[in-house]
Amino acid sequence: MPRPDSLSLREARRVAIAAQGFANTAPEDASTAAAVEARHARRMIGRLGLVQIDSVNVLVRSHYLPLFSRLGPYEAVLLDRLAYGGRRRALFEYWGHEASLIPVEQQPLFRWRMARAERNEGIYGGLARFAAERRPYIDSVLAEVAARGPMGASELSEAGRGAGGWWGWSDGKQALEYLFWAGLVTTAGRRGFERLYDLPERVLPAAVLDTPTPEEAEAQRALLRIAARAHGVATERDLRDYHRLDVADARLRIAELVEAGELLPVTVEGWERIAYVTPDLRVPRKAPARALLSPFDSLIWERQRTERLFGARIRLEIYTPAHKREHGYYVLPFLMEERIAARVDLKSDRNAAALLVRAAHAEPHARPETVAPPLAAELRRLAGWLGLKRVTVCGGGDLAPALAATLQWTGADAPLTPDGPEAAGSRT
């Protein structure tokens, strides 16, 4: 079948949803956490290219959610082992799309970014100034990590002052984060959510460290190939945002990929800018998705693209004063079939063993009575994964009455199987 040179908006949605791993990707028996194995998680993260890390723990830390959204309940210690399981780890931490967990074999693709950071390029201005002014101190911190690592910033013998530097970090934290940007240290593990730093040669697999460093242009092209596959269909802005490439770099590399026939331009209904697809594009006939999405899920993290695809204006309201919030504090969009159908503000009340729905809103195109049953089922599944016993609607929103009624009718207070991260001994 010939490749289309234009896509309808519905086709673009299906392509994007499938590319992000929401269509028919769960193990055959995904009813229990044990059904999802390391190979499933590795394959899914490889498909996505990276998973964004975030510290907010009002529900569960964000990086645990993308696998649940796509594969169903799994033991969260599985992700911990992939990320921090010694020299055989499958993932490493670095700046991909913000702080991210990335397949370890991609580490060479980020060495150009590390080299720029070591030259004080491409990093936050305050951190660059600190690095330029405090090089002897940074060298002493690196020497201490080499002698004593893995270690946290608080364990440095001369941690320095805090609450006055970059982001209120101590001098030691700033030094370690500069070294992390520059690839001179990496994350060996975490204590709670505190990053523990060590030398790459004591953390990363030898085969990765021995891989030759690609030229900067080739590494950037490789990252754009990953972004193109993960997007399915994407504009230039979408592609460069995935790994936060500079505009000038991305434009050059995209032009090179187009010239080589590795990216093909298409038009998408309603989009003002040209989009790009890979030559092996397949347009699914349907998108059988049903998932609660982390606010930091890669399907929706580029907000303009989310609005173009789904007609949903999604904004993170954590830092918005409570009286100005439209949908709530920690809001998960609900993906149903090919649309974002609702948004729910969720909280894990671990003392009461309850998943609290602090607000529930249907999207303008969605009918509450249609959305409530599948959303209730997904909330119950999420609660079970988190080791919580019930789902309780305790807030407002136009969807809240129908959702509360559905949960009551289906027995939301019935005990749920606790095979989620807390039952599995997760650090979350």
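Keep in mind the model is a prediction, meaning the values are calculated, not measured.

### Remarks on the overall build of the protein chain
(1) Moving on: Along the protein chain, the regular secondary structure elements total 15 helices and 14 strands.
(2) Moving on: Relative to the compact-globule value of 22 Å for 428 residues, the protein chain shows a C-alpha radius of gyration of 22 Å, a close match.
(3) Moving on: Here the protein chain holds 428 residues, and the buried ones make up 56% of them.
(4) Moving on: Summed over its atoms, the accessible surface of the protein chain is roughly 18200 Å², and 50% of this surface lies on carbon and sulfur atoms.
(5) Moving on: Mean positive and mean negative side-chain charge positions of the protein chain (59 and 54 charges, respectively) differ by 2 Å.

### Some points on the environment of Pro150
(1) Moving on: When you line up the elements, Pro150 lands in the loop between helix H7 (135–148) and helix H8 (171–181).
(2) Moving on: Judged by its relative accessible area of 44%, Pro150 is partly exposed.
(3) Moving on: In sequence terms Pro150 and Arg202 are 52 residues apart; their C-alpha atoms lie 9.1 Å from each other.
(4) Moving on: Residue contacts for Pro150: discarding those within four places in its chain leaves Ala188, Leu196, Tyr197 and Asp198.

### Comments concerning the domain arrangement of the protein chain
(1) Moving on: Here the protein chain is described as being made up of domain 1 (6–105 + 211–277), domain 2 (120–204) and domain 3 (312–408).
(2) Moving on: For domain 2 versus domain 3, the distance between C-alpha centres works out to 39 Å.

### Examining the nonpolar core
(1) Moving on: In terms of nonpolar packing, the biggest core is built from 113 residues, with Leu59, Leu375 and Leu382 touching the most fellow members.
(2) Moving on: Not counting the four nearest positions on each side in its chain, Leu375 is found in contact with Leu292, Phe334, Ala342, Val344, Leu399 and Leu403.
(3) Moving on: Grouped together as the second largest cluster of nonpolar side chains are 27 residues, Leu7, Leu264, Ala291 and Leu299 included.

### Structural notes on the environment of Trp169
(1) Moving on: With respect to the secondary-structure elements, Trp169 resides in the loop between H7 and H8.
(2) Moving on: With 134 residues separating them along the chain, Trp169 and Ala35 place their C-alpha atoms 41 Å apart.

### Side note on the sheet that holds strand E3 (residues 91–96)
(1) Moving on: Taken together, the 3 strands give an open sheet; going across it, the order is E2-E4-E3, and neighbouring strands pair in antiparallel fashion. Each edge of the open sheet is held by one strand with a lone partner, namely strand E2 (51–52) and E3.
(2) Moving on: Here 2 bridges tie E2 to strand E4 (residues 98–103), and the two strands are oriented antiparallel to one another. Looking at E4, one finds that Val51 is bridged to Leu101.

### Overview of the pairing of E4
(1) Moving on: Most of E4 sits inside the fold, with 5 of its 6 residues counted as buried.
(2) Moving on: Two elements, E3 and E4, share 6 bridges in a ladder whose sense is antiparallel. In the sheet register, Gly96 faces E4, and the bridge partner there is Glu98.
(3) Moving on: Joining the antiparallel neighbours E3 and E4 is a turn of 1 residue.

### A few points about the packing of aromatic side chains
(1) Moving on: Tallied over the full model, the rule gives 9 aromatic pairs.
(2) Moving on: Seen in terms of ring centroids, Tyr94 and Phe110 are 5.9 Å apart; in terms of plane orientation they differ by 70 degrees. Their pairing is edge-to-face. Placement of the pair is Tyr94 in strand E3 and Phe110 in the loop between E4 and helix H5 (111–118), with a sequence separation of 16 residues. Both residues of the pair, Tyr94 and Phe110, count as buried.
(3) Moving on: A ring pair is formed by Tyr94 and Phe180, whose centres lie 5.8 Å apart and whose planes are at 50 degrees; its orientation type is tilted. Of this pair, Tyr94 sits in strand E3 while Phe180 sits in helix H8, and the two are 86 residues apart along the sequence.
(4) Moving on: When its relative accessible area of 2% is taken as the criterion, Tyr94 is described as buried.
(5) Moving on: Three or more aromatic residues joined by ring pairs make a cluster, and in this case those are Phe92, Tyr94, Phe110 and Phe180.

### A short note on the side chain of Glu363
(1) Moving on: Residue placement: Glu363 occurs in the loop between strand E13 (354–362) and helix H14 (368–385).
(2) Moving on: For Glu363, the residues in contact, after removing those within four places along its chain, are Ala312, Ile340, Ala341, Ala342 and Arg343.

### Structural notes on the layout of surface pockets
(1) Moving on: Quantified by volume, the largest pocket comes out at close to 620 Å³.
(2) Moving on: Contributions of two or more residues to the lining of the largest pocket are made by E4 and H8.
(3) Moving on: For the lining of the largest pocket, the class distribution of residues is 14 nonpolar, 3 polar and 8 charged.

### A look at the environment of Arg282
(1) Moving on: Counting through the fold element by element, Arg282 comes out in the loop between strand E9 (275–277) and strand E10 (290–292).
(2) Moving on: Judged by its relative accessible area of 60%, Arg282 is exposed.
(3) Moving on: Considering only alpha carbons, one finds Arg282 and Ala19, 263 residues apart in sequence, at a separation of 9.9 Å.

Calculation criteria
Residues numbered from 1 in each chain as written. Predicted model: local features only at pLDDT ≥ 70, side-chain atom pairs only at ≥ 80, totals over all residues. Heavy atoms only, no water. Helix = DSSP H or I, 4+ residues; strand = E, 2+ residues; numbered from the N terminus. Rg over C-alpha atoms; globule rule 2.2 N^0.38 Å. Buried < 20%, exposed > 50% of the residue type's maximum accessible area, 1.4 Å probe, protein only. Areas by Shrake-Rupley, 256 points an atom, 1.4 Å probe, with all protein chains shown as cover. Lys, Arg positive; Asp, Glu negative; His and termini not counted. Charge placed at Lys NZ, Arg CZ, Asp CG, Glu CD. Contact = heavy atoms within 4.5 Å. Domains from an automatic or database assignment. Core = buried A, V, L, I, M, F, W, Y, C linked by side-chain atoms within 4.5 Å. Pairing = 2+ DSSP bridges. Phe/Tyr/Trp six-rings, centres within 6.5 Å; stacked < 30°, edge-to-face > 60°. 1 Å grid on protein atoms, 1.4 Å probe; cavity = no way out; pocket = protein on both sides within 12 Å on 5 of 7 lines; lining within 4 Å. Points joined across faces, edges and corners; volume = space filled by probe spheres on them. Nonpolar A, V, L, I, M, F, W, Y, C, P; charged D, E, K, R; others polar.

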